[in-house]
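Chain by chain, the residues:
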Amino acid sequence: IDRSFQSGYTDIRDYDLFYIKLNNSTDKDTYVPILLFVQYLANPTGLCPIICDMNYEPTGIPIQLSKNWHSQEIKNYGRFYSLLPVNANNYAEYYVRIPYGFYGTLPTASHANLSLIGYFGHGTRWEQLAIGCFGETYCLDLDM
């Protein structure tokens, strides 16, 4: 991703933006499962993906994420899952906005299930919470 802002544990006040267009050619309203895979996140802690409408307003549609930054072999990445509604015989357009440190003037608050591929001997089920993108505010090994 070509970014105009600095990555890492810094004061990131910008975001990544992805456009999604879905088509439903059936006679029934439906939900389309999506998976957005982003490698080389600007900062894996603190990011807070938000599904927005075409006016960049948050829709409130939930999005689940998993992320990893412990493997040098596969680098850092995030996987973002959601079900997006599309009306019958219509299309729907969305943006996925990924703020890192701030959403406007407010610091991001995030919770994530971590994938710890490459981080051996420390359990496999971790929960990570962060305020902003300055590192882990709280991290819990559920297997301890």
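Before going into details, it helps to say that this report is about the structure given with it.

Conventions and cut-offs
- Residues numbered from 1 in each chain as written.
- Predicted model: local features only at pLDDT ≥ 70, side-chain atom pairs only at ≥ 80, totals over all residues.
- Heavy atoms only, no water.
- Helix = DSSP H or I, 4+ residues; strand = E, 2+ residues; numbered from the N terminus.
- Buried < 20%, exposed > 50% of the residue type's maximum accessible area, 1.4 Å probe, protein only.
- Contact = heavy atoms within 4.5 Å.
- Areas by Shrake-Rupley, 256 points an atom, 1.4 Å probe, with all protein chains shown as cover.
- Salt bridge = Lys/Arg side-chain N within 4 Å of Asp/Glu carboxyl O.
- Pairing = 2+ DSSP bridges.
- Axes fitted to C-alpha atoms, helices over the stretch in contact; angles between N-to-C directions.

## Considerations on the overall build of the protein
Each helix and strand counted, the protein has zero helices and 11 strands in total. In sequence order, the protein lays out its α and β elements as β-β-β-β-β-β-β-β-β-β-β. Projected onto its principal axes, the C-alpha coordinates of the protein cover approximately 50 × 35 × 25 Å. Looking at the protein residue by residue over its 144 residues, the buried ones come to 42%. Considering only contacts within the protein whose residues lie at least 6 apart along the sequence, 66% involve residues at least 24 apart. Of the accessible surface of the protein, which amounts to about 8400 Å², a share of 53% is contributed by carbon and sulfur atoms.

## What about the pattern of salt bridges?
Under the criterion given, the structure shown has two salt bridges. A salt bridge links D16 to R3; the nearest nitrogen and oxygen atoms lie 2.9 Å apart. Placement of the pair is D16 in strand β1 (residues 15-24) and R3 in the segment before β1, with a sequence separation of 13 residues. When its relative accessible area of 4% is taken as the criterion, D16 is described as buried. By relative accessible area, which is 18% here, R3 ends up buried. The partner of D11 in a salt bridge is R13, with the nearest N and O atoms 3.1 Å apart.

## Overview of the sheet that holds strand β3 (residues 50-52)
Reading across the sheet, the three strands line up as β1-β6-β3 and stay open at both edges, with antiparallel pairing between neighbours. Single-partner strands in this sheet number two, and they are β1 and β3. Each adjacent strand pair in this sheet contributes to an overall mean axis angle of 30°, direction not counted. Relative to strand β6 (residues 90-99), β1 runs antiparallel, the two being bridged by 10 bridges. What sits directly across from I20, in β6, is Y94.

These figures come from the coordinates and say nothing about function on their own.
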